[in-house]
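Chains, contacts and geometry: an overview
Here is what each chain is made of, one letter per residue.
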Amino acid sequence: MKSVLPAQGDVGRMAPLLVGLLTGLLVGIGGLGSVETPVARTARLQGAERPPEKLQRFEYAAEAMAEPLKIILYAPDEAAAERAAQAALDRIHQLNDILSDYDPESELRRLCDQAGTGEPVRVSEDLFRVLAAAQRWAEQTDGAFDMTVGPVVRLWRRARRTHQMPAPAAIEQARQLVGYQNVLLDPDRQTVLLKKAGMRLDPGGIGAGYAIDEALRVLHKHGLSRVLIDLGGDIRLGDPPPDQPGWRIGVPGLDPKAPPKEFLLLSRCAIGTSGDAWQFVELGGRRYSHIIDPKTGMPLTDRCSVTVVALDGLTADVLGTAVSVLGPEKGMKLVDQTPGAAAWMIRGVEDRLHSFASGRWKDLVRYKPPTAADAGPKRSGAKSGTQP
Ligand code: AMP
Ligand code: MG
């Protein structure tokens, strides 16, 4: 990876903790083709205090935040792998209890219940961090990304279930409640004030991104750096697998069932895809996405898929949604202005496909696409998939 993935962010901050471990990560595992000469081995043994640990690959699957969760990690033994994976899963469950939109008892929902009372509500550090990041992105995108879009999202979710177009008056009423300017944060007191009664914050475009960043942090605390966390297609990557230049990530185009179009070798970053491949409703011959333009209260109607690589999961998650709303021109400009970020957008307008890439997209390192003889990259829906 060239300029896109400097060792910064979480990984950079973790670096001192990991030095001891990283010195011991030279031995590959079965099938990965690592051959160490005796001379190299002796030299390393003399330099190190203890023999390097042999790392094995472990893969875990679970469900979290109503999404399939996959964790791949390289650890010295099964007990260490399981402890770390379980701790990461526990952390994601904990964040779900805070951020869930579906659980009326979640901290986020309880906060929304206080909207319009005029009373600032003290919230947890996690919720405050997510809301502070969301507010920054709302300002930076001039409201294209806006968590207060909740009341409108609810209307369109109902439309997906009932296949009935929401009444224009209902859309207008919900839209009146949208506006990040009506969220007041007090960092000193860690409080939130939602100004209008009926306001509802939607975590759908940011929660998973934050959760994978936190899960990576937990794995690092357990001493594991060569890890991949895939939460429903929002993917967070640590250091590459032993003896590999990166994790292999296949990125599909507009059609989630077709083979990937891009084959990226990534590490120490995040990648995610926003698109309408699975979540949409067709009404009166028009296709309505689950992504809403907060200015109009209407879903996007062009077929669209945006894949974002960024230094952390929250940024990749938010940018995917924001770029979808902003469109190619403003969207790619935003990506170019975001340190370390790259994006690729495919848009289908009246049966024609248009592709747009940000400045750094071409600089990402690629791997040779697998042939029919190889195993195809696994993909989860329209999202990016992994073939580590
Ligand atoms: P993503 O799949 O990351 O693009 O997130 C889409 C989800 O974010 C939707 O299902 C909504 O829950 C929520 N959402 C939709 N439109 C917006 C928007 N303009 N700003 C913030 N969140 C949104
Ligand atoms: Mg997203």
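Our subject is the structure listed above.
Residues numbered from 1 in each chain as written. Chains lettered and ligands numbered in written order. Predicted model: local features only at pLDDT ≥ 70, side-chain atom pairs only at ≥ 80, totals over all residues. Heavy atoms only, no water.

Quick look at the overall build of the protein chain
We count it as follows: Each helix corresponds to a stretch of at least 4 residues labelled H or I by DSSP, and each strand to a stretch of at least 2 residues labelled E; elements are numbered beginning at the N terminus. Each residue is placed in one exposure class: buried if its accessible area under a 1.4 Å probe, protein chains only, is under 20% of its type's maximum, exposed if it is over 50%, and partly exposed if it falls in between. Residue contacts are defined here by distance: any two heavy atoms, one from each residue, within 4.5 Å place the two residues in contact.
Looking only at helices and strands, the protein chain features ten helices and 18 strands. Sorting the 388 residues of the protein chain into buried and exposed places 54% on the buried side. Excluding contacts between residues fewer than 6 apart, the proportion of contacts in the protein chain whose partners are at least 24 apart in sequence is 63%.

Some points on the site of ligand 1
So the rule is basically this: Only heavy atoms are used to decide nearness, and a residue is near a molecule or strand if one of them lies within 4 Å of it. Here a polar contact is recorded for every N or O atom pair within 3.5 Å, except that within protein the pair must consist of a potential hydrogen donor and a potential acceptor, and residues adjacent in sequence are included only if both atoms are side-chain atoms. Classification used: nonpolar for Ala, Val, Leu, Ile, Met, Phe, Trp, Tyr, Cys and Pro, charged for Asp, Glu, Lys and Arg, polar for all others including Gly.
For ligand 1, the set of nearby residues contains 15 residues, the closest of which are Ala-144, Asp-202, Ser-274, Ile-292 and Thr-321. Contacts to ligand 1 include His-290, whose side-chain N or O atom sits 2.9 Å from an oxygen atom. With respect to ligand 1, the side chain of Thr-321 contributes an N or O atom lying 2.8 Å from an oxygen atom. With three residues, helix α9 (residues 313-326) is the single largest residue contributor to the shell around ligand 1. Class assignment of the residues belonging to the shell around ligand 1 gives a composition of seven nonpolar, five polar and three charged.

Quick notes on the environment of Thr-338
Mapped onto the elements of the fold, Thr-338 is located in the loop between α10 (328-337) and β16 (342-349). Take Thr-338: its relative accessible area is 5%, and that puts it in the buried class. With 28 residues separating them along the chain, Thr-338 and Ala-310 place their C-alpha atoms 8.4 Å apart. The residues touching Thr-338, leaving out its near neighbours within four places in the chain, are Trp-137, Thr-315, Leu-319 and Arg-360.

Looking at the pattern of salt bridges
Quick reminder of the rule: Salt bridges are defined by distance alone: a side-chain nitrogen of Lys or Arg within 4 Å of a carboxyl oxygen of Asp or Glu.
Counted by the stated rule, this structure contains 17 salt bridges. Between Arg-347 and Asp-302 there is a salt bridge; the shortest N-O distance is 3.5 Å. In this pair, Arg-347 sits in strand β16 while Asp-302 sits in the loop between β14 (298-299) and β15 (303-310), placing the two residues 45 residues apart along the sequence. The class of Arg-347 is partly exposed, set by a relative accessible area of 23%. Each of Arg-91, Glu-125, Asp-126, Arg-129, Glu-214 and Arg-217 takes part in one network of salt bridges that share partners.

Quick look at the sheet that holds strand β5 (residues 191-194)
The condition is simple: Here the rule is simple: two strands pair whenever DSSP picks up at least two bridges between them. Angular values range over 0 to 180 degrees, each being the angle between N-to-C directions of two axes fitted as lines to C-alpha atoms, with helices fitted over their stretch in contact.
Taken in spatial order, the three strands line up as β3-β5-β4 in an open sheet, and their pairing is antiparallel. Either end of the sheet is taken by a strand with one partner, and the two such strands are β3 (121-122) and β4 (183-186). Across four bridges, β4 lies against β5 in antiparallel orientation. The residue bridging Leu-185 from the neighbouring strand is Val-192, located in β5. Of the strands in this sheet, β4 and β5 touch helix α5 (residues 125-140), which is tilted by about 125° from β4.

Structural notes on the packing of aromatic side chains
Just so we agree on the cut-off: Pairing of aromatic side chains here covers Phe, Tyr and the six-membered ring of Trp, requires ring centres within 6.5 Å, and sorts the geometry by plane angle: under 30 degrees stacked, over 60 edge-to-face, intermediate tilted. Only lysine NZ and arginine CZ atoms are considered, and such an atom sits over a ring when it is within 6 Å of the ring centre and within 35 degrees of the ring normal.
Under the criterion given, the structure shown has four aromatic pairs. Ring centres of Phe-263 and Tyr-367 lie 5.5 Å apart, and the angle between their planes is 80°; this geometry places the pair in the edge-to-face category. Of this pair, Phe-263 sits in strand β9 (residues 262-266) while Tyr-367 sits in the loop between β17 (352-357) and β18 (385-386), and the two are 104 residues apart along the sequence. Just above the ring of Phe-280 sits the side chain of Arg-287; from NZ or CZ to the centre is 3.7 Å.

Some words on the nonpolar core
Here is the rule: Residue types Ala, Val, Leu, Ile, Met, Phe, Trp, Tyr and Cys, when buried and joined through side-chain atoms within 4.5 Å, form a set referred to as a nonpolar core.
Leu-73, Leu-111, Leu-194, Leu-201, Ile-206 and Leu-231 are the most contacted members of the largest nonpolar core, which totals 67 residues. Counting residues per element, this core draws most heavily on helix α3 (residues 78-99), at nine residues. Aside from chain neighbours lying at most four places away, what touches Ile-206 is Val-130, Ala-133, Ala-134, Phe-145, Met-147, Leu-314, Asp-317 and Val-318. Core analysis: the second largest hydrophobic core is formed by 20 residues, Trp-247, Ile-271, Ala-342 and Leu-364 among them.

Considering the side chain of Ser-289
On the secondary structure map, Ser-289 appears in strand β12 (residues 286-289). Separated by 2.9 Å, the side chain of Ser-289 and the backbone nitrogen of Ile-291 make a polar contact. Residues contacting Ser-289, with those up to four places away along its chain left out, are Asp-276, Gln-279, Phe-280, Pro-299 and Leu-300.

So, the sheet that holds strand β6 (residues 227-231)
Within the open sheet, the eight strands sit side by side as β1-β2-β6-β7-β10-β15-β16-β17. Their pairing is antiparallel. The open sheet is flanked by β1 (56-64) and β17, the only strands paired with a single partner. Ignoring strand direction, the axes of neighbouring strands in this sheet form an average angle of 10°. Sitting on the sheet, α3 touches β1, β2 (67-75) and β6, and the angle it makes with β1 is about 25°.

Here we look at the pairing of β1
Direction of pairing for β1 relative to β2: antiparallel, over a ladder of nine bridges. Residue pairing for β2: Glu-59 is matched across the bridge by Ile-72. Hairpin connection, β1 to β2: the antiparallel pair is bridged by two residues, and Met-65 has positive phi, about 50°.

Quick word on unusual backbone geometry
Despite not being glycine, Ala-66 has its phi angle at roughly 60°, a positive value. Its location among the elements puts Ala-66 in the loop between β1 and β2. You will see that Arg-268, though not glycine, has its phi angle at about 50°, which is positive. On the secondary structure map, Arg-268 appears in the loop between β9 and β10 (269-275). In this structure Arg-268 comes out as partly exposed when scored by relative accessible area, which is 28%.

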